[in-house]
Amino acid sequence: MNASLPILNDFDLGDRSTAADDRLIDSFGRVHNNLRISVTDRCNVRCVYCMPESVTFMQRSDLLSFEEIVRFARVAAGLGIDKIRLTGGEPLVRRDLPKLVAMLAEIPGIKDIGLTTNGVLLADLAADLWNAGLRRINVSLDTMNPVKFAEITRRPGFERVIEGILKAREVGFDPVKINALAIKNFTEEEVVPLAEFARANGLEIRFIEYMPLDEVGRWRRSMVLFAADILELLSKGIGPLAPATDDDPRAPALEYDYLDGRGRVGMIASVSRPFCMSCNRIRLTADGKLRNCLFAVEETDVKALLRGGETDETIARAVRESVAGKHEGHEINSARFVKPERLMHSIGG
Ligand code: SAM
Ligand code: SF4
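What you are looking at is a predicted structure, and each value in this text was computed from that prediction instead of being measured.

1. Details of helix α7 (residues 227-237)
Reasoning step 1: Those residues of α7 that sit buried are A227, I230, L231, L234 and S235. Down the axis, α7 shows its buried residues gathered within 135° of arc, on one side only.
Reasoning step 2: On its buried face, α7 sits against β7 (176-182), α6 (188-200), β8 (204-209), β9 (241-243), β10 (253-258) and β11 (264-268).

2. Remarks on empty space enclosed by the protein
Reasoning step 1: Applying the stated criterion across every chain yields a total of one cavity of 30 Å³ or more.
Reasoning step 2: Considered as a void within the structure, the largest cavity measures approximately 30 Å³ in volume.
Reasoning step 3: Lining of the largest cavity is provided by D142, A180, L181, A182, T187, E190, V191, L194 and F207.
Reasoning step 4: When residues of the lining of the largest cavity are traced back to their parent elements, those giving at least two are β7 and α6.
Reasoning step 5: Classifying every residue of the lining of the largest cavity by side-chain character gives six nonpolar, one polar and two charged.

3. Points about the site of ligand 1
Reasoning step 1: In the vicinity of ligand 1 lie 18 residues, with Y49, G89, S140, L181 and M211 positioned nearest.
Reasoning step 2: One of the backbone N or O atoms of T117 is found 3.2 Å from an oxygen atom in ligand 1.
Reasoning step 3: Residue M211 places a main-chain N or O atom 2.9 Å away from a nitrogen atom belonging to ligand 1.
Reasoning step 4: Going through the elements one at a time, β5 (112-117), β7 and β8 are the ones with two or more residues in the shell around ligand 1.
Reasoning step 5: Residues belonging to the shell around ligand 1 are distributed by class as follows: seven nonpolar, nine polar and two charged.

4. Some words on the pattern of salt bridges
Reasoning step 1: By the definition in use, this model includes 16 salt bridges.
Reasoning step 2: Taking the shortest distance from any N to any O, the salt bridge between R291 and E299 comes out at 2.6 Å.
Reasoning step 3: We note a salt bridge from R342 to E299, for which the minimum N-O separation is 2.5 Å. Placement of the pair is R342 in the loop between α9 (312-324) and α10 (344-347) and E299 in the loop between β13 (289-291) and β14 (300-301), with a sequence separation of 43 residues.
Reasoning step 4: By relative accessible area, which is 13% here, R342 ends up buried.
Reasoning step 5: Relative accessible area serves as the criterion here: at 33%, E299 is assigned to the partly exposed category.
Reasoning step 6: Connected through shared salt-bridge partners, D287, K289, R291, E299 and R342 make up one network.

5. Observations concerning the packing of aromatic side chains
Reasoning step 1: For the structure on display, the rule yields two aromatic pairs.
Reasoning step 2: Between F149 and F158, the aromatic rings sit 6.0 Å apart at their centres with planes inclined by 65°, giving edge-to-face as the arrangement. Per residue, the accessibility class of F149 equals that of F158, and both read buried.
Reasoning step 3: Over the ring of Y258 we find R199; its NZ or CZ atom is 4.3 Å from the centre of that ring.

6. Considering α6
Reasoning step 1: Those residues of α6 that fall on the buried side of the exposure criterion are E190, V191, V192, L194, A195, F197, A198 and R199.
Reasoning step 2: On its buried face, α6 is in contact with α4 (146-153), α5 (158-171), β7, β8, α7 and β10.
Reasoning step 3: Of the residues one or two after α6, G202 is the one with positive phi, at around 65°.

7. As for the confidence of the model for the protein
Reasoning step 1: Taken over all residues, the pLDDT of the protein has a mean of 91, while the share at 70 or more is 93%.
Reasoning step 2: Of the regions scoring below 50 in pLDDT, residues 1-20 engages in 43 contacts with residues more than four places distant in sequence or in other chains.

8. Focus: the sheet that holds β7
Reasoning step 1: Strand order in the open sheet formed by twelve strands is β9-β10-β11-β8-β7-β6-β5-β4-β3-β12-β13-β14, with mixed pairing between adjacent strands. Strands with a single pairing partner mark the edges of an open sheet, and in this sheet they are β9 and β14.
Reasoning step 2: Sheet topology note: the strand β3 (residues 34-38)/strand β4 (residues 83-87) ladder contains five bridges and is parallel. Residue pairing across strands places L35 opposite I84, the latter belonging to β4.
Reasoning step 3: Relative to the sheet, α7 contacts β7, β8, β9, β10 and β11, its axis offset from that of β11 by approximately 160°.

Criteria and cut-off values
- Residues numbered from 1 in each chain as written.
- Chains lettered and ligands numbered in written order.
- Predicted model: local features only at pLDDT ≥ 70, side-chain atom pairs only at ≥ 80, totals over all residues.
- Heavy atoms only, no water.
- Buried < 20%, exposed > 50% of the residue type's maximum accessible area, 1.4 Å probe, protein only.
- Helix = DSSP H or I, 4+ residues; strand = E, 2+ residues; numbered from the N terminus.
- Arc of directions from axis to C-beta.
- Contact = heavy atoms within 4.5 Å.
- 1 Å grid on protein atoms, 1.4 Å probe; cavity = no way out; pocket = protein on both sides within 12 Å on 5 of 7 lines; lining within 4 Å.
- Points joined across faces, edges and corners; volume = space filled by probe spheres on them.
- Nonpolar A, V, L, I, M, F, W, Y, C, P; charged D, E, K, R; others polar.
- Near = heavy atom within 4 Å.
- Polar contact = N/O pair within 3.5 Å; in protein donor to acceptor, adjacent residues only side chain to side chain.
- Salt bridge = Lys/Arg side-chain N within 4 Å of Asp/Glu carboxyl O.
- Phe/Tyr/Trp six-rings, centres within 6.5 Å; stacked < 30°, edge-to-face > 60°.
- Lys NZ or Arg CZ within 6 Å of the ring centre and 35° of its normal.
- pLDDT = per-residue confidence, 0-100.
- Pairing = 2+ DSSP bridges.
- Axes fitted to C-alpha atoms, helices over the stretch in contact; angles between N-to-C directions.

Structure follows, in structure tokens:
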């Protein structure tokens, strides 16, 4: 059996607001409670779909300090942000990251702190992150083949990632989620072994459609391995799946369960089934720019406000204005699509 992709109902617009609502609400009624914070644009690998081999990184003096990040997060929490995810670049290359986690965990109103990592440094840091208050962890891994890993990331390190995933489980992270990016004619063979690894180790796996956030000219629509293709590979290679009965229609991942009851698979179908109308995210880049969308072409210079002696009220107003100006959707599938200048590693995925 092939599990088909449900259609996102145009009228299912997620958590709607009321006129008296004080939360971060855009002109389409989307309520924003989720802040993704990039802590660095640097990375210890070079995934081909994310960054070129040679990159000019941000100046260290341009990176927000932990104190600046925490001040912004505190203001955002006052506007209804209750979920934070740390990302990058590779967040674990930022020195003392557990300290930042502990500082963020103390902000009133922040209920949930997550981290997305490539896992290379995770075995060393998992216990400290757990003790600092981190509870959600997503590890990006696109293959179970060390040679293919080095081809995708342009670096060795496969064994360290596996060690990091197992260590994260050992110190208490449950679930550990695996993010696997899928590219046509490049990673089809990786899909089934990755999903089997996840099933065998009690991990949740989510496959992500390739998006045009890398070097100009590299991405082609024909290179996207669509969620429907991945479902077919899994159904044939492992066993039949069906849409999860408790699937949240507003969550970015479409969830599927194996009919044998042994595991769940998610699909982040950003290209074939954009979830823009239920988007609840804003993003802060490592150099302090607020983005109201992964694909935003305009940014708000939060760093200038933080370093310019502006009040929390002024910063809050800037966040509100950014959210109010959010576009309806990303338009990847239209001729109107404009690729952002920043590459994925400097936005924060
Ligand atoms: N370095 C960390 C990692 O790899 O998990 C965090 C940052 S990375 C930019 C966050 C996520 O973005 C990863 O799961 C990665 O696979 C995904 N990503 C990177 N480039 C992408 C692209 N062009 N399309 C879709 N996802 C992408
Ligand atoms: Fe680094 Fe993550 Fe980008 Fe890969 S996807 S190059 S690990 S930032």
